[in-house]
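Inside the fold
Chain by chain, the residues:
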Amino acid sequence: MFTTPLLAGLEAHRERIGQAAGLLTVAQYLAGWFICSDIRRRGTSAGVSPLRFIGGCGLSILQLQYSEKLQAPALIWTSIFTLAFSLLYSLWFWWYTPPSGRGALYRLTAAVATVTAGLYAYGAQGNGPDVMYRLGMVLTVLALAFIALPLAQLRSIIRAKSSAGLPLPAILASTGATVLWLLYGLLINNTFIVVQKIIAMGLCTVQLSLFIIYPASTSSGGEKKKQR
């Protein structure tokens, strides 16, 4: 489907490209440790949404199933690692959640588990073109929503005129992984991966542009001026 002289020349390095993309994806998930570290420092998970962690578990399970259907080793081991990290972060979040707040956490977990189980059961019907198409569409929407999570802070960023709340290392890792996964998708001729990563590149570009439009030092600089 996707054939160019450049892609033909990179075909022999397909798995290496996939491995590099996987490493950057895992690095993106490692950024969750900074959130967990902050939770440990404060002694509570209050004020932090568990959606990134709980949703990451469901997304990783579905991506693992889809990757196994594609028989793509790079995608398979990446999904295993991201699932492991998401489970670890979710348990960490639960440990630091006070008993009074665990009800909401359990409800979110039940909702994500129900949706994940339903989609997984549908995907388990086989590798037919209809199943692969619909599963690919759902994964594309979920993956893009996951990448766009930092944009949920857009209103507060514009109001404060500072990008200090955005996780720059995670966004940089996500951008690099997106470029490499796009190349990998072209090499394995998977339209869903290609379309997903093209849109994801747009989301990453928007997030990176916020660091230029609203530098993190802007708000601190303004506060210093006020103190003077």
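Above: the structure in question.
Below, the structure is looked at part by part. Being a predicted model, the structure only gives us computed values, none of them experimental.

A complete count under the given rule lists 10 aromatic pairs for this structure. Relative to phenylalanine 146, the ring of tyrosine 29 lies with its centre 5.7 Å away and its plane at 15 degrees, an arrangement referred to as stacked. With tyrosine 29 in helix α2 (residues 14–30) and phenylalanine 146 in helix α7 (residues 129–147), the pair connects residues that are 117 residues apart, well separated along the chain. Both residues of the pair, tyrosine 29 and phenylalanine 146, belong to the buried class. Considering the side-chain rings of tryptophan 181 and tyrosine 184, the 5.5 Å spacing of their centres and the 80 degrees angle between planes classify their relative orientation as edge-to-face. Note that tryptophan 181 and tyrosine 184 are positioned in helix α9 (residues 168–187) at a spacing of three residues, about one turn of the helix. Per residue, the accessibility class of tryptophan 181 equals that of tyrosine 184, and both read buried. In this structure, arginine 52 is placed above the aromatic ring of phenylalanine 146, and the distance from its NZ or CZ to the ring centre is 5.3 Å.

According to the stated counting rule, one finds three salt bridges in the structure shown. Across the salt bridge formed by arginine 14 and glutamate 15, the nearest N and O atoms sit 3.6 Å from each other. Look at arginine 14 and you get partly exposed, because its relative accessible area is 28%. Between aspartate 38 and arginine 42 there is a salt bridge, with the nearest N and O atoms lying 3.2 Å from each other. With aspartate 38 and arginine 42 both in helix α3 (residues 32–42) and four residues apart, this pair spans about one turn of that helix. Take aspartate 38: its relative accessible area is 27%, and that puts it in the partly exposed class. Three or more residues joined by partner-sharing salt bridges are found here, namely Asp38, Arg41 and Arg42.

Cut-offs applied
Residues numbered from 1 in each chain as written. Predicted model: local features only at pLDDT ≥ 70, side-chain atom pairs only at ≥ 80, totals over all residues. Heavy atoms only, no water. Phe/Tyr/Trp six-rings, centres within 6.5 Å; stacked < 30°, edge-to-face > 60°. Helix = DSSP H or I, 4+ residues; strand = E, 2+ residues; numbered from the N terminus. Buried < 20%, exposed > 50% of the residue type's maximum accessible area, 1.4 Å probe, protein only. Lys NZ or Arg CZ within 6 Å of the ring centre and 35° of its normal. Salt bridge = Lys/Arg side-chain N within 4 Å of Asp/Glu carboxyl O.

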